[in-house]
Structure formats: C-alpha cells, structure tokens
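# Chains, contacts and geometry: an overview
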Amino acid sequence: MAPVFSNLPAPAPAPARAGDEGHLVGLFGYAYEGAAMSLVLDSVRLLVERGLPVRLALLGAPGAGTAAAEAWLAGARERGIEQALSFSGVLSGAELSDVLAGCDVLLHPEPSGPTSRKGTLAGSLASGTAVVAIDGPRRWDELVRAEAALVTAPTAVALAGAVAGLLEDEHRREALGARGGEFARRAMGVQRTAEVVSGLLEPLLAGRGG
C-alpha cells in the first residue's frame with residue numbers, strides 16, 4: 001500500500017493564524033466519528049487549569065451550527081471551557097493549509113493511532129506544525145521511528161502533558177514540526193505513491209509484453 005498523501009497546497013510564507021489569543025491548538029478532522037472528543041476536551045480543560053492560555057481551533061468542515069459542532073460545544077460547556085473553542089468553518093484548500101501552519105500544535109486524536117491511511121494526518125504533518133497523536137493499535141511504526149509526531153498514551157493527562165511541553169518549548173516545537181514536514185514529503189508525498197503504483201504496474205506490463 002501507498003501512504004495517503006496530502007492534497008493541500010503548500011502554506012503561505014506567513015501563514016494565517018486560526019485566532020489571535022493564546023496558544024492555538026488545532027484539530028483537523030474533528031467531525032470524524034472516530035475522533036476522541038472527550039479525550040481532547042478533557043486535555044484542554046487540564047491545560048486551562050494549568051494556566052496556559054489555550055484555544056482549541058476546530059478546523060475545516062462542517063463548521064459552527066452543525067450537529068458535530070454542537071456536540072463539541074456541549075462537551076465544552078460541561079467542562080466549563082466553551083470559550084476556549086473556535087470553529088474555522090469550511091475553507092478552501094489554500095486557506096486550510098495556511099490555518100494548519102498557523103497553529104502552534106496540531107492534534108491527531110485517532111483512537112487507532114497515527115496511521116498511514118489518514119489524509120488528516122498527512123495534511124497536518126505537511127503543514128510543518130508540530131503534531132501530537134495518541135497511541136493506538138494501528139500506529140505507523142515508521143512515523144514513530146522518524147519522530148515525525150509526538151505519540152502519547154491515550155489519556156487526557158498524557159495528551160495535556162505532551163501539548164504543554166511543546167507549548168512551553170518553542171525550539172522543541174519547531175524541531176518536531178520540521179521533522180513532521182520532512183517525513184510528509186519523503187514518506188507520504190505524491191512521489192511515494194507514484195513509486196508504489198509504478199512498482200506494481202511494471203511487472204504486470206512486462207508479463208504482457210510491455
């Protein structure tokens with residue numbers, strides 16, 4: 001199999017921020033039914049209680065006023081962190097790329113772990129922003145070995161601690177983002193897909209006489 005590649009354009013040199021207050025923690029793919037909403041909201045509550053000025057930016061479709069957004073807002077109200085949430089709404093590819101790159105940290109709360117089959121992970125890594133993922137049974141070991149993302153235990157305490165450590169250490173955060181971007185280009189790019197497909201087609205064509 002070929003890893004899924006990002007279909008987003010490269011971000012602008014000075015990417016747009018998803019907001020203008022505090023640390024921006026972005027989540028691309030929040031409406032996906034497998035996204036660990038309770039885990040993410042509990043971790044944001046812990047970060048707020050820790051005194052970090054954190055905003056959780058829920059990026060892309062479907063946006064505010066939808067069933068998915070209301071579910072996130074209801075969960076945030078239960079935890080007293082409703083003001084920490086924001087929704088970008090539907091964005092063009094270029095706009096989404098810029099907003100991903102403008103976040104301080106991006107989350108990938110997929111319970112199965114960071115896999116090679118997720119376009120949301122590919123887009124997040126390709127943005128050059130530090131990515132924090134939760135561990136799971138289908139984690140991509142190549143990504144872990146490359147330290148392309150910070151993979152943490154699937155608990156709110158562990159996730160909050162991982163995010164806080166990056167927010168409090170700009171150098172570490174930028175280094176992680178750079179590794180993630182390089183990994184996306186090398187292991188998850190269109191060229192990698194072309195190589196896999198070519199490797200499949202060549203022996204088939206050779207067997208048919210070219």
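Here's a quick rundown of the structure. Here the residue numbering is sequential within each chain, running from 1 through the sequence in written order. Thresholds applied to this predicted model are a pLDDT of at least 70 for local features of residues and 80 or more for the giving and counting of side-chain atom pairs; totals over whole chains, interfaces and linings are not thresholded and use all residues. Only heavy atoms go into the side-chain values, all of them from the structure, while hydrogens and water stay out.

## A closer look at the side chain of Ser86
We apply this condition: What counts as a helix is a DSSP run of H or I of at least four residues, what counts as a strand is a run of E of at least two, and both are numbered from the N terminus. Relative accessibility under 20% of the residue-type maximum defines a buried residue, over 50% an exposed one, and the middle range a partly exposed one, all with a 1.4 Å probe and only protein chains included.
With respect to the helices and strands, Ser86 occurs in strand β3 (residues 85-89). With a relative accessible area of 16%, Ser86 lands in the buried category.

## Description of the pairing of strand β1 (residues 23-28)
Just so we agree on the cut-off: Strand pairing is defined by DSSP finding a minimum of two bridges between the two strands.
Most of β1 is tucked away, with five of its six residues classed as buried. In the sheet, β1 pairs with strand β2 (residues 54-59) via six bridges, with the strands oriented parallel. From the neighbouring strand, Phe28 faces β2, where its bridge partner is Leu59. When β1 meets strand β4 (residues 105-108), the two strands line up parallel, connected through three bridges. The partner of Val25 across the bridge, within β4, is Val105.

## Some remarks on the sheet that holds β1
Through backbone hydrogen bonds, the strands of a sheet pair up, either in parallel or in antiparallel fashion. Selection rule: Orientation is described by lines fitted to C-alpha atoms, with helices fitted over the stretch in contact, and by angles between N-to-C directions that extend from 0 to 180 degrees. Residues count as neighbours in contact if any of their non-hydrogen atoms are within 4.5 Å of one another.
Pairing within the open sheet is parallel, and its six strands lie in the order β3-β2-β1-β4-β5-β6. One side of each edge strand has no neighbouring strand; the edge strands of this open sheet are β3 and β6 (150-152). Strand after strand, the sheet turns through a mean of 25° between neighbouring axes, direction not considered. Contacting β1, β2 and β3, helix α2 (residues 67-79) crosses the sheet at an angle of about 170° to β3. Here helix α6 (residues 156-167) sits on the sheet and contacts β1, β2, β4, β5 (130-134) and β6; the angle it forms with β5, its principal contact strand, is near 170°.

## A look at α2
Formally: Expected span of a helix: the number of residues minus one, times 1.5 Å. By definition, the arc is the one covered by directions from the helix axis to the C-beta atoms.
Here α2 spans 19 Å end to end across 13 residues, near enough to the 18 Å set by a 1.5 Å rise per residue. Of all the residues in α2, the buried ones are Ala69, Trp72, Leu73, Gly75, Ala76 and Arg79. The buried residues of α2 occupy one face: seen down the axis, they fall within an arc of 160°. Opposite its buried face, α2 presents the exposed residues Ala67 and Glu78, each directed more than 90 degrees away. Taken from the residues just after α2, Gly80 is the one with a positive phi, measuring 70°.

## Observations concerning the packing of aromatic side chains
Quick note on the threshold: Stacked, edge-to-face and tilted are the three classes for Phe, Tyr and Trp ring pairs, Trp counted by its six-membered ring, which pair at centre distances within 6.5 Å; planes under 30 degrees apart are stacked, over 60 edge-to-face, the rest tilted.
Applying the stated criterion across every chain yields a total of three aromatic pairs. Consider the rings of Tyr30 and Trp72, whose centres lie 6.4 Å apart with planes at 85°: the pair is edge-to-face. Of this pair, Tyr30 sits in the loop between β1 and α1 (37-49) while Trp72 is found in helix α2, placing the two residues 42 residues apart along the sequence. The residues Tyr30 and Trp72 share a single accessibility class, namely buried. Relative to Phe183, the ring of Trp140 lies with its centre 5.1 Å away and its plane at 70°, an arrangement referred to as edge-to-face. With Trp140 in the loop between β5 and α5 (141-145) and Phe183 in helix α7 (residues 170-187), the pair connects residues that are 43 residues apart, well separated along the chain. For Trp140, a relative accessible area of 13% gives the class buried. Take Phe183: its relative accessible area is 1%, and that puts it in the buried class. The structure contains a cluster of three or more aromatic residues connected by ring pairs, namely Tyr30, Trp72 and Phe87.

## Re the environment of Pro154
As for its position among the elements, Pro154 is in the loop between β6 and α6. Residue class for Pro154 comes out partly exposed when judged on its relative accessible area of 49%. Note: C-alpha distance between Pro154 and Gly136 (18 residues apart in sequence) is 7.6 Å. Setting aside residues up to four positions removed in sequence, Pro154 forms contacts with Leu39, Ile134 and Asp135.

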